[in-house]
Amino acid sequence: MKIALVDCNNFYASCERVFDPKLIGKPVVVLSNNDGCVIARSEEAKALGIPMGAPAFQNREIFQRHGVAVLSSNYALYGDMSARVMSALRPMVRGMEVYSIDEAFLAIEDNQDVMFAAELRTRVRRWTGIPVSVGIASTKVLAKIANRLAKKNPALAGVFDLTATVDPNEWLARVDCADIWGIGRRRAVRLACGGIHTALDLKQADMTWVRRELGVVGERIARELNGFSCLSLEEMPASKKSIASARSFGRPVESLSELEEALATYTARVAEKLRAGDLLATQIHVFVTTNPFHESAPQYTAGAQASLPEPTDHTSGLISAALALLRKIHRPGLRYKKTGVIVTGLVSGHGVQRSLFEEPTTYPRKTLDAVVDQLNRRFGTNTVRYAAMGTEQPWGMRQQLKSRGFTTRWSELPLVNLRSHR
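All chains use their own residue numbering, which begins from 1 and follows the written sequence. With the structure being a predicted model, the display of local features is reserved for residues of pLDDT at least 70 and the display and counting of side-chain atom pairs for 80 or more, all residues being used for whole-chain, interface and lining totals. To obtain the side-chain values, all non-hydrogen atoms of the structure were included, while hydrogens and water were left out.

S.K.: Teacher, can you tell me more about the packing of aromatic side chains here?
M.R.: Each aromatic ring pair is described using two quantities: the centre-to-centre distance and the angle formed by the ring planes. Two rings from Phe, Tyr or Trp (for Trp, the six-membered ring) form a pair when their centres sit within 6.5 Å of each other. Planes less than 30 degrees apart are called stacked, planes more than 60 degrees apart edge-to-face, and all others tilted. Throughout the structure, instances matching the rule amount to 12 aromatic pairs. With 4.2 Å between their ring centres and 15° between their planes, tyrosine 12 and tyrosine 78 make a pair best called stacked. Note that tyrosine 12 is positioned in helix 1 (residues 11–19) and tyrosine 78 in helix 4 (residues 75–89), a separation of 66 residues in sequence. With a 1.4 Å probe rolled over the protein chains alone, any residue whose accessible area is under 20% of its type maximum counts as buried; one over 50% counts as exposed, and the rest are partly exposed. A residue is classified by how much of its surface remains accessible, and tyrosine 12, at 17% relative accessible area, is buried. Pairing phenylalanine 19 with phenylalanine 406 gives two aromatic rings, centres 4.7 Å apart and planes at 10°, and the pair type is stacked. Remark: phenylalanine 406 occurs in the segment after helix 13 (363–379) and phenylalanine 19 occurs in helix 1; sequence separation between them is 387 residues. What makes phenylalanine 19 partly exposed here is its relative accessible area of 23%. Among the aromatic residues, ring-to-ring pairing joins Phe11, Tyr12, Tyr75 and Tyr78 into one connected group. When the ring centre of phenylalanine 105 is taken as origin, the NZ or CZ atom of lysine 140, which lies over that ring, is 4.7 Å away. Here the basic side chain of arginine 174 rests over the ring of tryptophan 171, its NZ or CZ set 4.1 Å away from the ring centre. Helix and strand assignments follow DSSP, with helices taken as H or I runs no shorter than four residues and strands as E runs no shorter than two, numbered in order from the N terminus. Placement of a charge over a ring requires the Lys NZ or Arg CZ to be within 6 Å of the ring centre, with the centre-to-atom vector within 35 degrees of the ring normal.

S.K.: How should the sheet that holds strand 6 (residues 103–108) be read in this particular structure?
M.R.: Two pairing modes exist for strands in a sheet, parallel and antiparallel, and in both the strands are linked by backbone hydrogen bonds. Within the open sheet, the 5 strands sit side by side as 5-6-1-7-8. Their pairing is mixed. Two strands bound the open sheet, and with one partner strand each, they are strand 5 (95–100) and strand 8 (159–161). The sheet shows a mean angle of 15° between the axes of neighbouring strands, direction not considered. Pairing between strands is defined by DSSP: at least two bridges between them are needed. Relative to strand 8, strand 7 (residues 132–137) runs parallel, the two being bridged by 3 bridges. Bridged to valine 134 within strand 8 is valine 159. Axes, fitted as lines to C-alpha atoms, cover a helix only where it is in contact. Angles between the N-to-C directions of the axes lie from 0 to 180 degrees.

Here you go:
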């Protein structure tokens, strides 16, 4: 068995280009929450020297001078497009680990090579419009390296099978230690002090020395470079320990009513995630904070937590618990920047040991939640909402440059104009 890593190229920017072809060939950047910093760049934007994490306001002159398309993040669209990419890949392989929103490790047969990789690439592009790179190797760390080489070398046309090369060491010598999955800049500096600068150097290093300098994790990476599989394919996602939802406000919030609306909205999202994962929460934590960058203003950060009467995923009960905690920690006269909710103590929705003295969640409440989830999946997030979440939500994130929900809202589907031609 071999491992293939499929990585979507400049994923957020590519998602935007699928629905706006005028962006193809043009520099594109996607901004973080509240349109603060650059979190994604097209190749053209990278060529302009726009760094990752750059504050948008500091780069407005560059954006204007070079005609950079600047977009707010559209996470609902990106999440849906990711699911479509993974759906295109899954039937083609023996096993798959979805590693991130834009990456997946695939278990493939020993006889599947660059031709198969090219087929995967074509299938994803045809089904979703998203360009991907595919790297094939005998281990996950080597597959990461193969993918990087496929992406950085135009001559490889986006696919590379490290197992098919005459001399793999020749390719490993081209990869800096800082670019090895799991090493990073800090560990690379430590390795450089020991004379190890490339992936080939690390592969040939003494394992006792590597373990002493980088620990067990570093030794596993080095052994993977030697072709020994130490990191298995995780086809089932790891069990969640907690679920959180928090956002910075688009403007400072002073009133308790607006804080409650925001927290209720975030709590409803947490409840939806619980049900999607067939999980129940037993603990809830709420926090608020002012803006630490406004040093002249009064500063305040506080949190509170409570045990829930019974394990639950019910939106109404979680909102009630969250708002009760918020009222305990709220201080009037402050300008709040952020609030959020975290649920912990997660247990499976099946076979829960319930309290002898509490009434279990009734069937109608579970039915209500299921109907609300179904409607929101069909017509868009928060189409149906609890009154506590408000309607106008003036505290919401700044997303003045956000594209439409092309695949997530019926009212924002792409429109096609048909013209008759003689």
